[in-house]
Amino acid sequence: MSSDEKQVAPRSLAEALRAKDDGSLAALLRARPDLITPVPTDLTQLATRAGTRASVIRALERLDRFTLQTAEALAVAPEPADRETLLALLAGDENDPAVVGAFPHALAALREQALVWGPDDRLRLVRTARELLAPSPQHPSPTGLGPTVAEATSGMSPGRIQEILTAAGLPTTHDAVSAVTSLTALFTDRARMAELLAAAPPDSLDVLSRLVWGPPYGQVTADPASRLRWLLDRGLLLPTAPGTVVLPREVALHLRAGRAHRDTEPLPPAVEPAATHRPQVVDTTAAGQAYTSLATIEELLKDWDEGGPTVLRAGGLSVRDLKRTAVALDVPEPVAAFWVELAYAAGLLASDGEADERYAATPAYDEWLELPAAGRWTRLATAWLSATRTAGVIGGRDAKERTLSALGPGLDRSAAPEVRHRVLTLLAALPEGASASPDSLVARLHWERALRGAASSDDLRARLARWTLSEAESLGITGRGALSAHGRALIGAQPGAAAPETRTGTETGTGTGTGTGTEAGTGTGTETDSGPGDKLPVHHHRHHPAPPPQPRSPAELASAAARAGKLLAPLLPEPLDHVLLQADLTAVAPGPLQRPLADTLDVLADVESKGGATVYRFTPGSVRRALDAGRSASDLHAFLSEHSRTPVPQPLTYLIDDVARRHGHLRIGSASAYVRCDDDALLNEIIADKRSQGLRLRRLAPTVLAAQADPATLLEGLRSMGFAPAAESAEGDVLITRAHAHRTPPRTAPEPVPDGPPSPDTTLLGAAIRAIRAGDLASTTPHKPTASAAPGRNGTLPRTTSAETLATMQAAVLTGDTLWIGYVNAEGSASQRVIAPIKVEGGFVTAYDHTADEVRTYPLHRVTGVAELADEQA
């Protein structure tokens, strides 16, 4: 490297950022959006923020495994390190070609995120990242390496160091520093180290083999065995504390053939197909489950139409109410919790806010019911994709050991949308009709976010991935584990083709699922279903970077949902306008029914069984329910005749007429409550019945009985005795009971909890970069000293008197000079600016502001000081 090149090498991260172009700064801010929240005043502040512990941890958490391994290797390399040294730590002595191919892209990713800076011959890891990744007794390195010889001997006596040199066959030196240098040179020389270890006893080599891959620390007694004494005498083990020894880093690297990691993983693990099905089978299976999901949500909210379960004091649904809901839906409790949470995320369900707070459907539910089936499904699917509330954690415990309940607080997991989208994108990368092995999916996610969970099956990201597979199947996004055509459209993948892979070293959560990877396959479209044993070909590909996907705008999301709905609509069954009445007082619906027919039949009959065909049963109670809702017997006969493809059975006609004849014969009102009937014999029968004793009835007149129970209790009590009373109003009219009456006030769906700041759009990035550049110009441009005070340096504001400020401004208007000012806005926030004054009048200065790249007017009393810029330097 020439002397000129050495002079331009950056001395700090701020200088390295200052040398970047706008495109590189935009890539940094897009990958680490927390750096512009709020926008830094200049590049020095940006560099400071990029080195804070919280920001660095967040950036490291978003690295893939190989990129993280590259950072870990740089943390154990000498500082600064050159590119060849770093590559050798990753590729080892055998120079692994896969590592060599992936290394440039991993290093570029670290540079792009400002975790590494400096030229190739002087690479530096950001200090905070080095502190997090470098080995220490308190925080062992993931590499398993220990301290260097220099670090391990820092507290050792000079005489002891000279003894080690002699035992290792090295000449003694005059000082400890040169002695350590000589010992380090021995341990890093492959040939001389091989000769030294060739003379080692086999037992001593066995000790080294147990420490070589970590942890590098071991325990020794006050009188070590001969195999340990041989190693201690030659510095191959060095004492760090009484009774503790450590394997020096240089020795470990020699024994590892130069590798910093035991297993270097330059390539992402392939997602293995578990089975393959014909695409048509996948789509029809998914469509059937999609329709079932709509029916399940309707059944859930129909059950809660007149007021659902009460809200717990701490919020949420009680365990007992969740069990009741599961029984009503005929599903396991975890599945019931998923449907409840999905309805809540879609804005169809909320608490009513009354004194006796209950859950109920929202007005949005009625609007949702009016949508076509495909539209209703896309509403649910898009809500699920973006929701951070996670039904899978229900039943677990929070940090305070409180049980997490459905619809309660504490269910948000900000990583959920990213994991859902990523899992579906990986499924889209498989051939059409192929399902994925859950274990290989989890392994891939672990590789893409190496710090976010150990390679175990119980970390959050692994559980989110498995929940995603289950929930996507329940919702009809996948069929038989494979992504459907409408599922591909929903996530933005091309229908009928495998989606491209996305390398996720810098991706930002809710992307489009597009990138530059090439892992793909093509389904044949005609192959028969196959099991896990029938493996599809897996293509291994190079590890190369892709730009982080941009979050989709609301318009793009709506467009994707519309495309998914269009693909799904032809696969959904057409609603029927008829049923089949049978002589055993049942009706069979051979498919989904049109809404008016289904709503009326739900009131007139009870659902006996579900499935491909729904069976309804007519009972005295169900017929009475229809009469209570305002239907007359003639209405019911006409309704059944119109909608039945079979003749109306005579038993059903008799049932309706019999219940209608007795319906309303008894009248109940509020006295507290009373019963009136023109047939005094019927009243005598009621009083004589022992089951009526709890109602505490007494005769007020031949046709009137009084009760000490309220009207609702009296009504229910007489119905349980086999009578068919009707409630009446204070005017004596029959009260008509209508269903679907209770709704919450208008409610908005819960907002997802973001996983950090959102990725900035292009407009915001451009404005932020202009502001940072201009602020940096203001803080770094040389300026002339003023008469009253030296100008500020290192970010401090200039200070001048009001008279000096005014005079300097007026002079700059005449000469056209550019000035450096300190300015405090109305909120009290101070900043530095570079302006070119145009005019000064009325206590204001109008100037071209280089910081904002526009003409602005500033009150002079808010200018803290002003200084002329120094003459341009050659």
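Residues numbered from 1 in each chain as written. Predicted model: local features only at pLDDT ≥ 70, side-chain atom pairs only at ≥ 80, totals over all residues. Heavy atoms only, no water.

Caption draft 1: Geometry of the overall build of the chain. Counting secondary structure elements, the chain contains 34 helices and 25 strands. In the chain, 67% of the contacts between residues at least 6 apart in sequence involve partners at least 24 apart. If you sum the accessible surface of the chain, you get close to 40100 Å²; carbon and sulfur atoms cover 54% of it. (Helix = DSSP H or I, 4+ residues; strand = E, 2+ residues; numbered from the N terminus. Contact = heavy atoms within 4.5 Å. Areas by Shrake-Rupley, 256 points an atom, 1.4 Å probe, with all protein chains shown as cover.)

Caption draft 2: Local environment of the side chain of Asp64. Its place among the elements puts Asp64 in the loop between α5 (53-61) and α6 (65-76). Of the residues examined, Asp64 reaches a relative accessible area of 0% and is grouped as buried. In this structure the side chain of Asp64 is engaged in a polar contact, spanning 3.1 Å, whose partner is the backbone nitrogen of Phe66. (Buried < 20%, exposed > 50% of the residue type's maximum accessible area, 1.4 Å probe, protein only. Polar contact = N/O pair within 3.5 Å; in protein donor to acceptor, adjacent residues only side chain to side chain.)

Caption draft 3: Representation of helix α19 (residues 333-345) within the structure. Helix length check: α19, at 13 residues, gives a terminal C-alpha distance of 18 Å against a target of 18 Å (1.5 Å per residue), a fit within 8%. Buried within α19 we find Ala336, Ala337, Phe338, Trp339, Val340, Glu341, Leu342, Ala343 and Ala345. At its buried positions, α19 is contacted by α17 (279-303), α18 (319-329), β7 (349-351), α21 (373-386) and α24 (460-475). Of the residues flanking the end of α19, it is Gly347, one or two places downstream, whose phi is positive at about 80°. (Expected span 1.5 Å × (residues − 1).)

Caption draft 4: Fine view of the sheet that holds strand β3 (residues 217-219). One open sheet holds the three strands; their spatial order is β3-β5-β4, and the pairing between them is antiparallel. This sheet does not close on itself; its edge strands, each paired only once, are β3 and β4 (238-241). Within the sheet, the average angular offset between the axes of one strand and its neighbour, ignoring direction, is 40°. Where β3 lies against strand β5 (residues 244-246), three bridges are found, and the strand directions are antiparallel. Within the sheet, the bridge partner assigned to Gln219 lies in β5 and is Thr244. (Pairing = 2+ DSSP bridges. Axes fitted to C-alpha atoms, helices over the stretch in contact; angles between N-to-C directions.)

Caption draft 5: Representation of the nonpolar core within the structure. In terms of nonpolar packing, the biggest core is built from 90 residues, with Phe187, Leu236 and Leu237 touching the most fellow members. In terms of residue count, α6 provides more of this core than any other element does, seven residues in total. Sequence-distant contacts of Leu237, that is, excluding residues within four places in its chain, are made with Val207, Leu208, Leu211, Leu228, Leu231, Leu232, Val245, Val246, Leu247 and Pro248. Core analysis: the next-biggest nonpolar cluster, separate from the first, contains 72 residues, Ala287, Leu407, Ala415 and Leu464 among them. (Core = buried A, V, L, I, M, F, W, Y, C linked by side-chain atoms within 4.5 Å.)

Caption draft 6: Molecular detail of helix α14 (residues 202-211). Turning to α14, its buried residues number three or more, namely Ser204, Val207, Leu208 and Leu211. Buried positions in α14, seen along its axis, are confined to an arc of 95° and lie on one side of it. Of the exposed residues in α14, the ones pointing more than 90 degrees away from its buried face are Pro202 and Arg210. The secondary structure elements touched by the buried residues of α14 are α13 (190-198), β3, α15 (226-233) and α16 (249-255). (Arc of directions from axis to C-beta.)

Caption draft 7: Here's a closer look at the pattern of salt bridges. Under the criterion given, the structure shown has 34 salt bridges. The salt bridge involving Arg190 is made with Asp93; its shortest N-O contact spans 3.1 Å. Of this pair, Arg190 sits in helix α13 while Asp93 sits in the loop between α7 (83-91) and α8 (97-112); the two residues are 97 residues apart in sequence, bridging distant segments of the chain. Exposure remark for Arg190: the relative accessible area of 35% places this residue in the partly exposed category. (Salt bridge = Lys/Arg side-chain N within 4 Å of Asp/Glu carboxyl O.)

Caption draft 8: Representation of the confidence of the model for the chain within the structure. Mean pLDDT for the chain: 84, with 86% of residues reaching 70 or above. Overall, residues 1-7 carries pLDDT values under 50, and its contacts beyond four positions in sequence, including any with other chains, amount to two contacts. Across residues 495-549 the pLDDT falls below 50, and counting only partners more than four positions away or on other chains, this stretch makes 154 contacts in the model. (pLDDT = per-residue confidence, 0-100.)

Caption draft 9: Up close: the packing of α14 against α15. Where α14 meets α15, the axes come as close as 8 Å, and the angle between the chain directions of the two elements is 75°. Our classification of the angle between α14 and α15 gives roughly perpendicular. Side by side, α14 and α15 meet where Asp203, Ser204, Val207 and Leu208 of the first sit next to Arg227, Leu228, Trp230 and Leu231 of the second. The residue makeup of the contact of α14 with α15, split by class, is five nonpolar, one polar and two charged. (Parallel < 35°, antiparallel > 145°, perpendicular 65-115°, else oblique. Nonpolar A, V, L, I, M, F, W, Y, C, P; charged D, E, K, R; others polar.)

Caption draft 10: Focus on the packing of aromatic side chains. Applying the stated criterion to the full structure yields four aromatic pairs. Summarising the aromatic geometry, the rings of Phe338 and Trp339 are spaced 5.0 Å apart at their centres and angled 55° between planes, so their arrangement reads as tilted. Each member of the pair, Phe338 together with Trp339, is buried. The ring of Trp368 carries the charged tip of Arg376 above its face, separated from the ring centre by 5.7 Å. Here the guanidinium or amino end of Arg631 rests over the ring plane of Phe639, the centre of that ring lying 6.0 Å away. (Phe/Tyr/Trp six-rings, centres within 6.5 Å; stacked < 30°, edge-to-face > 60°. Lys NZ or Arg CZ within 6 Å of the ring centre and 35° of its normal.)

Caption draft 11: Summary view of the environment of Leu231. By the element assignment, Leu231 lies in helix α15. Judged by relative accessible area, Leu231 falls into the buried class, the value being 0%. When the C-alpha atoms of Leu231 and Pro201 are compared, they prove to be 9.5 Å apart, with 30 residues separating the residues in sequence. Those residues in contact with Leu231 that sit more than four places away from it in its chain are Ser204, Val207, Leu208, Leu236 and Leu237.

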